[in-house]
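Okay, here's what each chain looks like letter by letter:
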Amino acid sequence: MAHDIAHHESNTGKIWKVFFILSVITIVEVILGIIKPAFLVETTLISMKLLNWIFIILTIWKAYYITWAFMHMDGETKGLRRSVVWTAIFLICYLIFILLTEGDYVYEVFKAGYKSWDF
């Protein structure tokens, strides 16, 4: 009985690539959080500072890449990849929208004096 010898490729290169990409994104987030460039803090887009939008986009990008790499989505069929990744991205974006909308509403209620800030 002949046995086929399974060929196992080393994933060391892939692991280092994932590590490097996630590290660069995290380092960029940390540097932006420490430096806080004035043009990013003073510029608003849809009632939120541009710096916050950059943090949200980079975090979603990291979540996507973590799903892609660690859940091995790169080797799956196109339909499964889309159903997992796009559903998660949609739900994260929806959660961000709800949190920002409700947070802005609560801020405006307190700012207008309908409720007091003593809590």
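Residues numbered from 1 in each chain as written. Predicted model: local features only at pLDDT ≥ 70, side-chain atom pairs only at ≥ 80, totals over all residues. Heavy atoms only, no water.

1. A few points about the overall build of the protein chain
And then number 1: Scanning the protein chain from N- to C-terminus turns up 4 helices and 2 strands.
And then number 2: In the protein chain, the succession of helices and strands from N to C terminus is α-α-β-β-α-α.
And then number 3: Within the span of the protein chain, comprising 119 residues, buried residues form 18% of the whole.
And then number 4: Within the protein chain, counting contacts between residues at least 6 apart in sequence, those at least 24 apart form 45% of the total.
And then number 5: Carbon and sulfur atoms make up 69% of the accessible area of the protein chain, which totals about 9,700 Å². (Helix = DSSP H or I, 4+ residues; strand = E, 2+ residues; numbered from the N terminus. Buried < 20%, exposed > 50% of the residue type's maximum accessible area, 1.4 Å probe, protein only. Contact = heavy atoms within 4.5 Å. Areas by Shrake-Rupley, 256 points an atom, 1.4 Å probe, with all protein chains shown as cover.)

2. Considering the UniProt feature "transmembrane region" (unreviewed entry) in the protein chain
And then number 1: In the numbering used here, UniProt assigns the feature "transmembrane region" (unreviewed entry) to residues 18-39, 51-71 and 83-101.
And then number 2: Taken end to end, residues 18-39 has its terminal C-alpha atoms 31 Å apart, with 91% of it in helix and 0% in strand.
And then number 3: Secondary structure within residues 83-101 divides into 100% helix and 0% strand; the distance between the first and last C-alpha atoms comes to 27 Å. (UniProt positions renumbered as here; feature names shortened; annotations may be inferred.)

3. Notes on helix α3 (residues 50-70)
And then number 1: The terminal C-alpha atoms of α3, which comprises 21 residues, lie 30 Å apart, in line with the 30 Å expected from a rise of 1.5 Å per residue.
And then number 2: The complete set of buried residues in α3 reads L51, W53, L58, I60, K62, Y65, T67 and A69.
And then number 3: H72, located one to two residues past α3, shows a positive phi value of around 55°. (Expected span 1.5 Å × (residues − 1).)

4. With respect to a nonpolar patch on the surface
And then number 1: Residues I27, V30, I31, I34 and I35 make up a contiguous nonpolar surface patch of roughly 500 Å² in combined accessible area.
And then number 2: For I34, the location among the structural elements is in helix α1 (residues 12-35). (Patch = residues over 30% accessible without salt bridge, like charges linked within 9 Å, V, L, I, M, F, W, Y side chains within 5 Å. Salt bridge = Lys/Arg side-chain N within 4 Å of Asp/Glu carboxyl O.)

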